[in-house]
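One letter stands for each residue in the lines below.
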Amino acid sequence: MKNMIKDAAVLLIITVTAGLLLGFVYQITKEPIALAQEKAANEAYAEVFPGADSFEAIAFSVPAGDSTWEEEYGAVDIDKILEVKDGLGNNLGYVLTVTSHEGYGGDITFTMGIQNDGTLNGISILKISETPGLGMKAEAVLKPQFDNKNVSSFTYTKSGSVMDSQIDAISGATITTNAVTRAVNGGLYIYQTQLGGNVQ
């Protein structure tokens with residue numbers, strides 16, 4: 001009985017000590033991690049909307065009862081919307097931070113910049129954990145295909161794109177391709193229906 005109490009006391013001390021150490025480490029690393037994440041986000045904003053003077057967050061929520069959104073983009077979240085302005089305060093467009101929950105290896109998060117005429121400047125991937133050599137090619141293969149496109153939505157193809165609205169799928173990574181393409185379309189849908197956007 002004494003040995004059991006002694007062992008329990010030792011385990012309790014170890015657990016409490018480990019918890020205190022983890023809490024201490026968390027407090028030390030919390031701010032640097034947050035600053036690094038903020039820096040990465042700001043760099044992504046600038047990448048998808050070069051030349052912008054400022055980015056201002058606006059309040060937003062997907063309207064309840066939007067059946068198109070629920071049916072087509074139920075696995076997509078719009079995490080943040082920023083209004084892009086020039087040095088005179090004029091609106092240039094928007095930057096959206098979008099997350100797809102359909103990735104093969106987990107969530108895929110990226111920013112996308114859209115000009116007032118509906119032109120998609122491009123996307124910048126913030127988080128991706130797809131299969132090395134397959135889905136992780138999204139940065140090199142998918143990302144460039146969205147640059148400077150003015151279309152209402154995208155589709156992906158396995159036989160080679162022949163128009164601006166088509167994206168060449170990553171060979172062997174259809175799930176990743178679909179996840180990114182659908183999430184981009186979700187961002188475009190929100191821009192077109194909720195932010196007064198249009199396409200030429």
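The sections below set out a description of the structure shown in this document.

Structural notes on the overall build of the protein
Of regular secondary structure, the protein possesses four helices and seven strands. The helix and strand sequence of the protein, counted from the amino end, reads α-β-α-β-β-β-β-α-β-β-α. A globule of 200 residues ought to have a C-alpha radius of gyration of about 16 Å, yet the protein, at 22 Å, is considerably larger. Along the first, second and third principal axes, the C-alpha set of the protein runs to 80 × 45 × 35 Å. For the protein, contacts bridging at least 24 residues in sequence account for 57% of all contacts bridging at least 6.

Comments concerning the nonpolar core
One finds Leu96, Val98, Phe110, Met112, Phe146, Phe154 and Val184 to be the most contacted residues of the largest nonpolar core, which totals 32 residues. Elements with a minimum of two residues in this core: strand S2 (76-85), strand S3 (91-100), strand S4 (108-115), strand S5 (120-127), helix H3 (138-142) and helix H4 (174-194). When residues of this core are assigned to their parent elements, the largest contribution, eight residues, is made by H4. Not counting the four nearest positions on each side in its chain, Val184 is found in contact with Phe110, Met112, Leu120, Ile123, Phe146 and Phe154. With seven residues, the next largest nonpolar core counts Ala41, Tyr45, Val48 and Val84 among its residues.

A few points about the side chain of Lys85
If you trace the backbone, Lys85 turns up in strand S2. What makes Lys85 buried here is its relative accessible area of 18%. At 3.3 Å, the side chain of Lys85 forms a polar contact with the side chain of Glu56. Look past the residues within four positions of Lys85 in its chain and what remains in contact with it is Ala52, Asp53, Ser54, Glu56, Asn90 and Leu92.

Remarks on the pattern of salt bridges
Counted by the stated rule, this structure contains four salt bridges. A salt bridge links Glu47 to Lys143, with the nearest nitrogen and oxygen atoms 2.5 Å apart. Separated by 96 residues along the polypeptide, Glu47 in helix H1 (residues 2-48) and Lys143 in the loop between H3 and strand S6 (155-157) bring together distant segments of the chain. Lys143 serves as the salt-bridge partner of Glu139, at 3.0 Å between the closest nitrogen and oxygen. Looking at Lys143, the relative accessible area reads 14%, which means it is buried. Within this structure, Glu47, Glu139 and Lys143 form a network of salt bridges that share partners.

Thoughts on a nonpolar patch on the surface
Taken together, Val10, Leu11 and Ile14 make up a surface patch of nonpolar side chains, about 280 Å² in accessible area. Within the element layout of this structure, Val10 appears in helix H1.

Brief notes about unusual backbone geometry
In this model, Asn148 sits at a positive phi of 55°, which is unusual for a non-glycine residue. Tracing the sequence through the fold places Asn148 in the loop between H3 and S6.

Some thoughts on H4
With 21 residues, H4 should cover 30 Å at 1.5 Å per step; its first-to-last C-alpha distance of 29 Å lies within 8% of that length. Directly after H4, the chain includes Gly196, whose backbone phi takes a positive value near 70°.

Describing the packing of aromatic side chains
For the structure shown, the criterion picks out six aromatic pairs. Taking the centre distance of 5.7 Å and the plane angle of 35° together, the rings of Tyr73 and Tyr189 count as tilted. Of this pair, Tyr73 sits in the loop between helix H2 (67-72) and S2 while Tyr189 sits in helix H4, placing them 116 residues apart in sequence. Its relative accessible area of 10% is what places Tyr73 among the buried residues. Given a relative accessible area of 15%, Tyr189 falls into the buried group. Aromatic side chains Phe146 and Phe154 sit 4.9 Å apart centroid to centroid with 85° between the ring planes, which places their arrangement in the edge-to-face category. With relative accessibility at 0%, the residue Phe146 sits in the buried group. Relative accessible area serves as the criterion here: at 3%, Phe154 is assigned to the buried category. The rings of Trp69, Tyr73 and Tyr189 are connected pair by pair, giving a single aromatic cluster.

Criteria and cut-off values
Residues numbered from 1 in each chain as written. Predicted model: local features only at pLDDT ≥ 70, side-chain atom pairs only at ≥ 80, totals over all residues. Heavy atoms only, no water. Helix = DSSP H or I, 4+ residues; strand = E, 2+ residues; numbered from the N terminus. Rg over C-alpha atoms; globule rule 2.2 N^0.38 Å. Contact = heavy atoms within 4.5 Å. Core = buried A, V, L, I, M, F, W, Y, C linked by side-chain atoms within 4.5 Å. Buried < 20%, exposed > 50% of the residue type's maximum accessible area, 1.4 Å probe, protein only. Polar contact = N/O pair within 3.5 Å; in protein donor to acceptor, adjacent residues only side chain to side chain. Salt bridge = Lys/Arg side-chain N within 4 Å of Asp/Glu carboxyl O. Patch = residues over 30% accessible without salt bridge, like charges linked within 9 Å, V, L, I, M, F, W, Y side chains within 5 Å. Areas by Shrake-Rupley, 256 points an atom, 1.4 Å probe, with all protein chains shown as cover. Expected span 1.5 Å × (residues − 1). Phe/Tyr/Trp six-rings, centres within 6.5 Å; stacked < 30°, edge-to-face > 60°.

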